[in-house]
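This is what each chain is made of:
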Amino acid sequence: MARESHCIKVPKKEGEKTRRNLAEEGLLDNSLKPHSDEIFLYFPVNEEIPGTVILSFEEREESLLLPRHELIGGIAIMQDDDKGEAERLLASRPVIHTVLYSEGPVTGEYRTKDYSVLAGRETTATDYTEYGQRFVIDLSAAYFSARLANERQRIERMMEPGERLLDMFAGVGPFAITLSGNASVVYANDINPAAVSLLMENIRINKKRNIVPVLADARHLGGILTESSFDRIIMNLPMRSPEFLQTAFRLCKPGGMVHFYTLQSETGEMAMDIRKYTGGKISERIVRSYSPSQHHAVYDIEFI
Ligand code: SAM
């Protein structure tokens, strides 16, 4: 049987890397068989993301299908509370040491989720590697998502050597550590002590020497750090980041850039809020869909 699906089209030489990234981000639709032509591979994905096109794909046999899951390092996260399927998933790949069931959405100030262990080791901690950087994470203690891996690469490509960078909501450090190679110094802040503790471990294992961890409420950063001193500021707290725009623009150098992640229902929804602080160029892109009515967007904002 064939079925239509959104898919990503990539040159054949990028196929394995793309397949791995999509699987890690929980986007690869394993119920359909990828297909190819002379030059390109086409991977079916389970949601519309920028750049996808719609094509028809052959369905796989049901007995070969694994339950839908997101893979982060050695942890597979399932949407269904099904121990039998979790055991099958655990046995499917040696890299998986634990299968978790995600009990609900991210909640609270620390943006964490509740999990129960369906199969394997009783832990929510694992090691995860992204573009050569290693991260120790603990999903019940501090937020982590592999889904912004491409965003981190995009921002890295925009940077000039020697920039002063501030990550206002750094979590365990994926942006701070990825971007530190192009920066003179990175201030990486989070309000969650467990996140900052994992961030410090990640700074150590990646042998970074220019990242300053800060444990603070971002509301106080205007008083803790030097005003107008940062070339680039990352604001990745999509549910609440509008509250922190004023602090970000206080800390940004004229000519610098703020990357503002937000959840919105319509494109351009945040432009008026942003215009209160800068007359500079604003460019907006959709990162991914979040729910039927909302999407996750990033505004790259020039501060003048
Ligand atoms: N940037 C990280 C990433 O991509 O993995 C983490 C992003 S997570 C969506 C948001 C982070 O903001 C959480 O780690 C949470 O603890 C932190 N946070 C929430 N409110 C905060 C505040 N008022 N000040 C500083 N950090 C805060």
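The sections below set out a description of the structure shown in this document. Here the residue numbers are simple positions, counted from 1 along each chain's written sequence. With the structure being a predicted model, the display of local features is reserved for residues of pLDDT at least 70 and the display and counting of side-chain atom pairs for 80 or more, all residues being used for whole-chain, interface and lining totals. Neither water nor hydrogens contribute to the side-chain values; these are computed over all heavy atoms in the structure.

1. Considering the site of the ligand
Part 1 of the argument: Around the ligand lies a shell of 22 residues, among which Phe-169, Asp-190, Asp-217, Ala-218 and Asn-236 are the nearest.
Part 2 of the argument: Within 3.5 Å is the distance limit for a polar contact, defined as a pair of N or O atoms, with the added protein rule that one can donate a hydrogen and the other accept it, and that residues adjacent in sequence qualify only through two side-chain atoms. One of the side-chain N or O atoms of Asp-190 is found 2.7 Å from an oxygen atom in the ligand.
Part 3 of the argument: With respect to the ligand, the backbone of Ile-191 contributes an N or O atom lying 3.2 Å from a nitrogen atom.
Part 4 of the argument: Accessible surface is estimated by sampling points in the Shrake-Rupley manner with a 1.4 Å probe; for residues, cover comes only from the protein chains shown. For the ligand, whose accessible area on its own is 610 Å², the fraction buried by protein is 99%.
Part 5 of the argument: Among the secondary structure elements, those contributing two or more residues to the shell around the ligand are α4 (174-179) and β12 (183-190).
Part 6 of the argument: Taken together, the residues that form the shell around the ligand break down as 13 nonpolar, 4 polar and 5 charged. In these notes, residues near a molecule or strand are those with any non-hydrogen atom within 4 Å of it. The helix and strand labels rest on DSSP assignments: H or I over at least four residues marks a helix, E over at least two residues marks a strand, and numbering proceeds from the N terminus. Residues were grouped as follows: Ala, Val, Leu, Ile, Met, Phe, Trp, Tyr, Cys and Pro as nonpolar; Asp, Glu, Lys and Arg as charged; and all remaining residues, including Gly, as polar.

2. Here's the deal with the packing of aromatic side chains
Part 1 of the argument: Any two of the Phe, Tyr and Trp rings considered here, Trp counted by its six-membered ring, make a pair once their centres fall within 6.5 Å; the pair's planes then place it as stacked at under 30 degrees, edge-to-face at over 60, or tilted in between. According to the stated counting rule, one finds 8 aromatic pairs in the structure shown.
Part 2 of the argument: With a centroid separation of 6.3 Å and 35° between ring planes, the pair formed by Phe-135 and Phe-144 is classed as tilted.
Part 3 of the argument: Here Phe-144 falls in the buried class, since its relative accessible area comes to 8%.
Part 4 of the argument: The structure contains a cluster of three or more aromatic residues connected by ring pairs, namely Tyr-128, Phe-135 and Phe-144.
Part 5 of the argument: Cation placement over rings: the criterion is NZ of Lys or CZ of Arg within 6 Å of the ring centroid and within 35° of the ring normal. Positioned above the aromatic ring of Phe-40, the side-chain terminus of Lys-9 is 4.4 Å from the ring centre.
Part 6 of the argument: Above the ring of Phe-175, the side-chain terminus of Arg-152 is found at 5.1 Å from the ring centroid. Working definition: with a 1.4 Å probe on protein chains only, accessible area under 20% of the residue-type maximum means buried, over 50% means exposed, and in between means partly exposed.

3. Looking at the nonpolar core
Part 1 of the argument: For this analysis, a nonpolar core means a set of buried residues of the types Ala, Val, Leu, Ile, Met, Phe, Trp, Tyr and Cys, connected via side-chain atoms within 4.5 Å. The biggest cluster of nonpolar side chains holds 36 residues, and the ones touching the most others in it are Ile-137, Leu-139 and Phe-144.
Part 2 of the argument: Among the secondary structure elements, those contributing two or more residues to this core are β6 (75-78), β10 (133-138), α4, β12 and α5 (193-205).
Part 3 of the argument: The greatest single-element share of this core, amounting to 5 residues, is contributed by α5.
Part 4 of the argument: With near-sequence residues (within four places) excluded, Phe-144 lies in contact with Ile-72, Tyr-128, Ile-137, Leu-139, Arg-152, Val-172 and Pro-174.
Part 5 of the argument: Ile-233, Met-235, Ala-248 and Cys-252 belong to the second-largest nonpolar core, a separate cluster that totals 25 residues. The contact rule is simple, with two residues in contact once any of their heavy atoms fall within 4.5 Å.

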